[in-house]
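# Examination of the molecular architecture
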Amino acid sequence: MQDTEMQPALAAMLGQERAGLRLIIGNKNYSSWSMRPWVAMKAFGIPFEEVRIVLNQPDTTNRIAEYSAAGRVPVLLAGEITVWDSLAICEYLAEQFSILNLWPEDVAARATARSICAEMHSGFSSLRTDMPMDIRASLPGKGRSIGSQADIGRVSEIWEDCLALYGAHEFLFGAFSIADAFYAPVVMRFRTYGVSLAPALQAYAERVLAHPAVAQWVREALLETEGLPGHNGSPEA
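Now for a quick tour of the structure. None of the values given here were measured: they were computed from a predicted structure.

Let us look at the environment of G147. Position of G147 relative to the elements: it lies in helix α7 (residues 146–167). Note: C-alpha distance between G147 and T129 (18 residues apart in sequence) is 9.7 Å.

See below:
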């Protein structure tokens with residue numbers, strides 16, 4: 001499912017106990033971890049209320065604490081359930097809205113998709129630190145360390161393998177999935193820092209940028225005016 005129109009079966013599910021989802025996020029320009037579940041929910045037409053908390057403000061810690069003791073965003077509130085990690089949020093949504101196939105249907109593809117999301121979730125520290133997400137900026141050539149170059153190479157390898165095995169020249173696993181949402185912030189970094197990619201990978205990055213959910217996030221990020229002094233790419237979740 002590629003658009004944000006609510007399907008009848010989804011509407012019926014939301015009419016029950018799953019109504020009233022709230023997603024707590026940080027600045028769209030900077031918060032790569034917030035971007036992931038937000039894009040996934042928009043891409044699959046899962047309605048939610050957005051609560052945006054500006055990061056690095058005097059009241060930021062207290063505001064986030066109203067929703068989660070972990071002190072980080074994103075946070076998903078689903079009735080009495082609180083989920084406070086981007087990957088956990090996406091897994092929760094995949095379970096609750098199984099008819100939407102947020103993960104690939106094929107068993108092997110799904111295992112690979114989960115693996116590359118877990119790798120993104122726990123790795124690529126140099127890329128995060130040296131090339132933090134800043135959608136409004138244009139910094140070609142900046143942030144190129146030995147570590148970030150190695151991370152760029154690994155991301156390229158992941159994209160090449162997934163597109164060759166499962167992507168059919170569309171998204172990483174054919175249809176848009178949680179995996180594409182997880183790598184969308186990397187697409188933003190590559191654009192900001194002018195990373196040169198092989199033609200097939202650049203074409204994939206352009207398809208991600210053109211996806212309606214990603215395009216909406218970018219539009220809204222460009223409208224933000226807050227800066228984030230000292231922003232170093234550290235994850236918010």
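After presenting the structure, the write-up continues.
Core analysis: the biggest nonpolar cluster contains 68 residues, and L93, W159, L172 and Y183 have the highest contact counts within it. With 10 residues, helix α8 (residues 178–192) is the largest single contributor of residues to this core. Apart from residues no more than four positions distant in its own chain, Y183 is found in contact with I116, M120, F124, V155, I158, W159 and L172. Counting 11 residues, the second largest nonpolar core, distinct from the first, contains I24, Y30, V51 and L55.

Strand order in the open sheet formed by four strands is β2-β1-β3-β4, and the pairing between neighbours is mixed. Single-partner strands in this sheet number two, and they are β2 (49–52) and β4 (81–83). Direction aside, the axes of adjacent strands within the sheet are offset by 20° on average. Where strand β1 (residues 22–25) and strand β3 (residues 75–78) come together, three bridges link them in antiparallel fashion. Within the sheet, the bridge partner assigned to L23 lies in β3 and is L76. Where helix α2 (residues 32–43) meets the sheet, it contacts β1, β2 and β3, and its direction lies at approximately 150° from that of β1.

The next thing to look at is the packing of aromatic side chains. Going through the model one piece at a time under the given rule, you end up with seven aromatic pairs. Seen in terms of ring centroids, W159 and Y183 are 6.5 Å apart; in terms of plane orientation they differ by 75°. Their pairing is edge-to-face. Highlighted residues: W159 in helix α7 and Y183 in helix α8, separated in sequence by 24 residues. Relative accessible area serves as the criterion here: at 0%, Y183 is assigned to the buried category. Measuring from centroid to centroid gives 5.0 Å for W159 and Y204, while their planes differ by 70°, and the two rings are edge-to-face.

Moving on to unusual backbone geometry. P74 follows V73 through a cis peptide bond whose omega is 5°. By the element assignment, P74 lies in the loop between α3 (60–65) and β3.

Okay, the pairing of β3 next. Side-chain alternation along β3 places V75 and L77 on one buried face and L76 and A78 on a second face that is also buried. Inspection of the sheet shows β3 paired to β4 by three bridges, in the antiparallel sense. Counted as the bridge partner of L77 is T82 from β4. Connecting β3 to the antiparallel partner β4 that follows it, the hairpin turn spans two residues, and G79 within it adopts a positive phi of roughly 65°.

A side chain with one charge may pair with a side chain of the opposite charge, provided their charged atoms come close. Throughout the structure, instances matching the rule amount to seven salt bridges. Linking E50 and K28 is a salt bridge whose minimum nitrogen-to-oxygen distance equals 2.6 Å. Of the two residues, E50 is situated in strand β2 and K28 in the loop between β1 and α2; the sequence distance between them amounts to 22 residues. With relative accessibility at 32%, the residue E50 sits in the partly exposed group. Taking relative accessible area as the criterion, K28 reaches 3% and is therefore assigned buried. Between E91 and R114 there is a salt bridge, with its nearest N and O atoms 3.0 Å apart. Of this pair, E91 sits in helix α4 (residues 86–96) while R114 is found in helix α5 (residues 107–122), placing the two residues 23 residues apart along the sequence.

Once that is clear, we can look at helix α9 (residues 199–210). For α9, which comprises 12 residues, the first-to-last C-alpha distance of 16 Å matches the rise-based estimate of 16 Å (1.5 Å per residue) to within 8%. Among the residues making up α9, those that are buried are L201, Y204, A205, V208 and L209. Angular distribution of buried residues about the axis of α9 spans 140°; they occupy a single face of the element. In α9, the exposed positions angled more than 90 degrees off the buried face are occupied by P199, A200 and A210.

Criteria and cut-off values
- Residues numbered from 1 in each chain as written.
- Predicted model: local features only at pLDDT ≥ 70, side-chain atom pairs only at ≥ 80, totals over all residues.
- Heavy atoms only, no water.
- Helix = DSSP H or I, 4+ residues; strand = E, 2+ residues; numbered from the N terminus.
- Core = buried A, V, L, I, M, F, W, Y, C linked by side-chain atoms within 4.5 Å.
- Buried < 20%, exposed > 50% of the residue type's maximum accessible area, 1.4 Å probe, protein only.
- Contact = heavy atoms within 4.5 Å.
- Pairing = 2+ DSSP bridges.
- Axes fitted to C-alpha atoms, helices over the stretch in contact; angles between N-to-C directions.
- Phe/Tyr/Trp six-rings, centres within 6.5 Å; stacked < 30°, edge-to-face > 60°.
- Salt bridge = Lys/Arg side-chain N within 4 Å of Asp/Glu carboxyl O.
- Expected span 1.5 Å × (residues − 1).
- Arc of directions from axis to C-beta.

All quantities given are derived from atomic positions and should not be read as evidence of function.
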